[in-house]
Structures are given as C-alpha cells and as structure tokens.
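# Structural characterization, general
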Amino acid sequence: MQGLLNHDDSGLTLTAGSTTVTLENFVVNPGSSKLYGDVLVNGKVAVNNAYLFSLHGGTLKPLQLEGDNAILTGTTVHVSGDAAKLLNSTFKTDAVKSGLLVGTATITAKIK
C-alpha cells in the first residue's frame, strides 16, 4: 500500500460567464495514478471526492535535491472522463475531452 497524498490548500478555479467551478482539496492516489478533489459550482458543493485527473508518470524526471528541498517533476496531468462530463455539463459545452492535457506536476517537499 502506497497511501494517499493530501495537498492542503490546493485547487484551481475555472470561470465562464457567471459560472465558477472550483476544484479543491486534492488527494493523490499514487497507486492508481489518480487525483481526486471536491467540486464546487458557484460556491456550493456539487461533488465530494470526485475523480478529477489522471497522472501519467512516463516522463517523470529523476529526483532533484536543492538545499532542503526534494523536487519531483515531469508527471503529466490529464482531465478524467468523469471531470470532462461534469465540466461540459456545468459550462454547457463539449470542449473538455477526457485525457485533455492540463500541464505537468511538480512536487516540492522539505527534507530535514
């Protein structure tokens, strides 16, 4: 068992017109390479612990040490099918596709 990684104060906000979707309280399951989080629409909880992103570690770079920090980067982040359906429904579009590349994750952890 690899456990879960809770990302305190994590999140992002998407806005179109008068609709705001906030994705927050991220939890990474490294065993399944999935990221979960809560979804709020216009400030109200729509879904708790939703499967938001898949994580692809094929481009992961070797661990870097910089001072008191350990840095791991290179995992690409992609929109899950569940999140794509929710975002398309909320924003009344079909623009968000499952597997859409969001970006590259970087994790920085203090080491002592």
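Everything numeric here is computed off the predicted structure, so don't read it as measured data.

### Some words on the overall build of the protein
- Scanning the protein from terminus to terminus reveals one helix and eight strands.
- Walking the protein from its N terminus toward its C terminus, one meets helices and strands in the order β-β-β-β-β-β-β-α-β.
- Seen through its principal axes, the protein has C-alpha atoms that stretch 45 × 30 × 25 Å.
- Of all 112 residues assigned to the protein, the portion counted as buried reaches 30%.

### Brief notes about the side chain of Ser-10
- Here Ser-10 lies in the loop between strand 1 (5-6) and strand 2 (11-16).
- Using a relative accessible area of 18% as the deciding quantity, one classes Ser-10 as buried.
- Polar side-chain contacts of Ser-10 include one of 2.9 Å to the backbone nitrogen of Phe-26.
- Not counting residues within four places of it along the chain, the set of residues in contact with Ser-10 comprises Leu-23, Glu-24, Asn-25 and Phe-26.

### With respect to the environment of Tyr-36
- Its location among the elements puts Tyr-36 in strand 4 (residues 34-41).
- For the pair Tyr-36 and Asn-49, spaced 13 residues apart in sequence, the C-alpha separation works out to 5.4 Å.
- Setting aside residues no more than four positions away along its own chain, Tyr-36 makes contact with Asn-25, Phe-26, Val-27, Asn-29, Asn-49, Ala-50, Tyr-51 and Leu-52.

### What about helix 1 (residues 81-91)?
- The complete set of buried residues in helix 1 reads Ala-83, Ala-84, Leu-87, Asn-88 and Thr-90. One face of helix 1 carries all of its buried residues, which in axial projection span an arc of 165 degrees. Facing away from the buried side of helix 1, by more than 90 degrees, are the exposed residues Lys-85 and Ser-89.
- On its buried face, helix 1 is in contact with strand 2, strand 3 (19-29), strand 4, strand 5 (44-56) and strand 7 (69-79).
- Immediately downstream of helix 1, the backbone of Lys-92 shows phi near 55 degrees, a positive value.

### Section: the environment of Ser-33
- Within the fold, Ser-33 resides in the loop between strand 3 and strand 4.
- Relative accessible area serves as the criterion here: at 30%, Ser-33 is assigned to the partly exposed category.
- Each C-alpha atom of the pair Ser-33 and Ser-54 lies 6.0 Å from the other, and the pair is 21 residues apart in sequence.

Rules used throughout
Residues numbered from 1 in each chain as written. Predicted model: local features only at pLDDT ≥ 70, side-chain atom pairs only at ≥ 80, totals over all residues. Heavy atoms only, no water. Helix = DSSP H or I, 4+ residues; strand = E, 2+ residues; numbered from the N terminus. Buried < 20%, exposed > 50% of the residue type's maximum accessible area, 1.4 Å probe, protein only. Polar contact = N/O pair within 3.5 Å; in protein donor to acceptor, adjacent residues only side chain to side chain. Contact = heavy atoms within 4.5 Å. Arc of directions from axis to C-beta.

It is worth stressing that arrangement in space is one thing and function is another; only the former is reported here.
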